[in-house]
Structure formats: structure tokens, C-alpha cells
Amino acid sequence: SDAFGINVYKDFLTPHKILVEGLSDKKILAKTISKLKAPFQIGITNGYGSNILAVASRFKLEEIKSLVILDDDSTGVENKAKIIKIGDIYSTSNVLTIRDIENGIVNGGTIEDTLGKNFIQSKLKDFWKNKFGEVLSDFELDATKPFIEQIKIHIQRNKPEEDLDKFFEELKTKISEEFNPTNLDKNFPLLKNLVEKIIEKLKD
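Within every chain, residues take consecutive numbers counted from 1 along the sequence as written. Confidence filtering applies because this is a predicted model: local features only for residues at pLDDT of at least 70, side-chain atom pairs given and counted only at 80 or more, and all residues used for totals across whole chains, interfaces and linings. To get the side-chain values, take all heavy atoms of the structure and skip hydrogens and water.

Caption draft 1: Quick look at the side chain of Ser 24. Going along the chain from the N terminus, every DSSP run of H or I of four or more residues is numbered as a helix, and every run of E of two or more is numbered as a strand. Here Ser 24 lies in helix α2 (residues 23–36). Think of it in three bands: residues with accessible area under 20% of the maximum for their type are buried, residues over 50% are exposed, and the middle band is partly exposed, with areas taken using a 1.4 Å probe on protein chains only. On the accessibility criterion, Ser 24 (10% relative accessible area) is buried. By the convention used here, residues are in contact when the closest approach between their heavy atoms is within 4.5 Å. Sequence-distant contacts of Ser 24, that is, excluding residues within four places in its chain, are made with Glu 112, Lys 172 and Ser 176.

Printed below as a string of C-alpha cells:
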């Protein structure tokens, strides 16, 4: 049955389970896990923004233990604390931000930060041209700071009327759908490190 965005039969008929915040996180991790050929099946499901707290609570009721992986941004850190506070099946050992797992990720980072500046800059330029009909020529991402936060500041300055939630939902969808985990060592080394460490944690 489908409850709180969880398709139990599809995602959780496996002892190795991951809960993430959004659908884009799920797609990026699933593609990478498949590419790395994890030695066991891994079920991944996602909340929908703030709904991850409701999903986590439902997991507790159903006694579905999983590895909860959150972004390291302010929302992710806040959700981490709230989920750990639920107790029972949740603790600091299985409720983690991506930076808890891979400390090479920028402080405050999201899954998009594991994809590298060149990839995100390219997808942002395409998206911007299609959405606004103009070339994004006056904006360059800084690889030492969270990408999503930088983009948010740029939009607020240049497109103050824009619906940020809708903008990022559409951008993240584009990024996750067009992400292709080819040559992970060269193109996405940080993501590869993160996912390898996730797989190791799921072995415990």
C-alpha cells in the first residue's frame, strides 16, 4: 500500500533500507548504487520536504528500521535532530547528514554538491535559458560554498518574484534525471566516496 509516499512493497522488501528527504536524492543515490554494483539489494524511499518527519514517525510505528540520510543544510540538520528525538529505532548511528558520512562535502551542502561545479553549472545554465529565455552569463558557482544556497541568493537578487520552492523542485528534477553516473572516479569522485561509505554502513 502507498502511505506517506512509501511504497512498502517496492522500496522495503529488503533488509537494507535508506530514507532520504526528496525524490531527487533518491534518484541520484539509486543510480550511483546501481553503477557501483552494491553487493546486496538496497531499498530507498523518500519523504517530500517536511513530510520526512511524518514518514520517519510512520517507520517507527511499523518498526521499519532504516539508514536516514539528510542534506547538511539547515533544514537537514534540523530534521536530523527531530528524527533522533523520535527515539526507539532512531539514533546518532543511523540518522546522518551526508557530511557526517563524507566529510569532504562542503559544510551546509546538499546532494547536489557531490556532483561538482561543472555539472551543476551546466544544468543551471540550461535550466535558466529554458525558464527565463535568457543566458545566465553573470553568475559563477563557488565550489567552496553550497551550490543551492548560492543559487538561492542569486535568484532573490535578480528574480525576486520567483517562487523559490517551485524553482528548486524543477531544477533538482532536471539535475537528478539528467545525472548519468559514468566514470564516477573522474566526474563525480565525492559522490562515489559518499555512496561507497553508505554501502559500508548498511553492512553493519
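Caption draft 2: Quick look at helix α6 (residues 117–132). In this model α6 runs 22 Å from its N-terminal to its C-terminal C-alpha over 16 residues, within 8% of the 22 Å that 1.5 Å per residue would give. For α6, every residue scored as buried is listed here: Phe 119, Ile 120, Gln 121, Lys 123, Leu 124, Phe 127, Trp 128 and Phe 132. Of the residues flanking the end of α6, it is Gly 133, one or two places downstream, whose phi is positive at about 70 degrees. Helix span, expected: 1.5 Å multiplied by one less than the number of residues in the helix.

Caption draft 3: The side chain of Gln 121, seen in detail. By the secondary structure assignment, Gln 121 is in helix α6. For Gln 121, the residues in contact, after removing those within four places along its chain, are Phe 139, Glu 140 and Leu 141.

Caption draft 4: Seen up close, the environment of Phe 40. On the secondary structure map, Phe 40 appears in the loop between α2 and β4 (43–46). Taking the C-alpha atoms as reference points, Phe 40 and Val 20, 20 residues apart in sequence, are found 19 Å from one another.

Caption draft 5: Main features of the pairing of strand β5 (residues 67–70). A two-sided burial pattern is seen for β5, the buried positions comprising Leu 67 and Ile 69 on one face and Val 68 and Leu 70 on the other. Judged from the three bridges that link them, strand β3 (residues 17–20) and β5 form a sheet pairing that is parallel. Note that in β5 the partner of Val 20 across the bridge is Ile 69. Whether two strands pair depends on DSSP finding at least two bridges between them. Sheet topology note: the β5/strand β6 (residues 95–97) ladder contains three bridges and is parallel. Opposite Val 68, over in β6, you have Val 95 as the bridge partner.

Caption draft 6: Representation of the packing of aromatic side chains within the structure. Here is the rule: rings of Phe, Tyr and Trp (six-membered ring for Trp) pair when centre to centre is within 6.5 Å. Planes less than 30 degrees apart are stacked, more than 60 are edge-to-face, and the remainder are tilted. The full count for this structure, using the stated rule, is eight aromatic pairs. Taken together, a centroid distance of 6.3 Å and an interplanar angle of 85 degrees make the contact between Phe 119 and Phe 179 edge-to-face. Separated by 60 residues along the polypeptide, Phe 119 in helix α6 and Phe 179 in the loop between α8 (164–178) and α9 (184–187) bring together distant segments of the chain. For Phe 119, a relative accessible area of 15% gives the class buried. An aromatic cluster of at least three residues, connected via ring pairs, comprises Phe 127, Trp 128, Phe 132, Phe 167 and Phe 168. Across the ring face of Phe 132, the terminal group of Lys 159 is positioned such that the distance to the ring centre comes to 4.6 Å. We count a charge as sitting over a ring when the NZ of a lysine or the CZ of an arginine lies within 6 Å of the ring centre and within 35 degrees of the ring normal.

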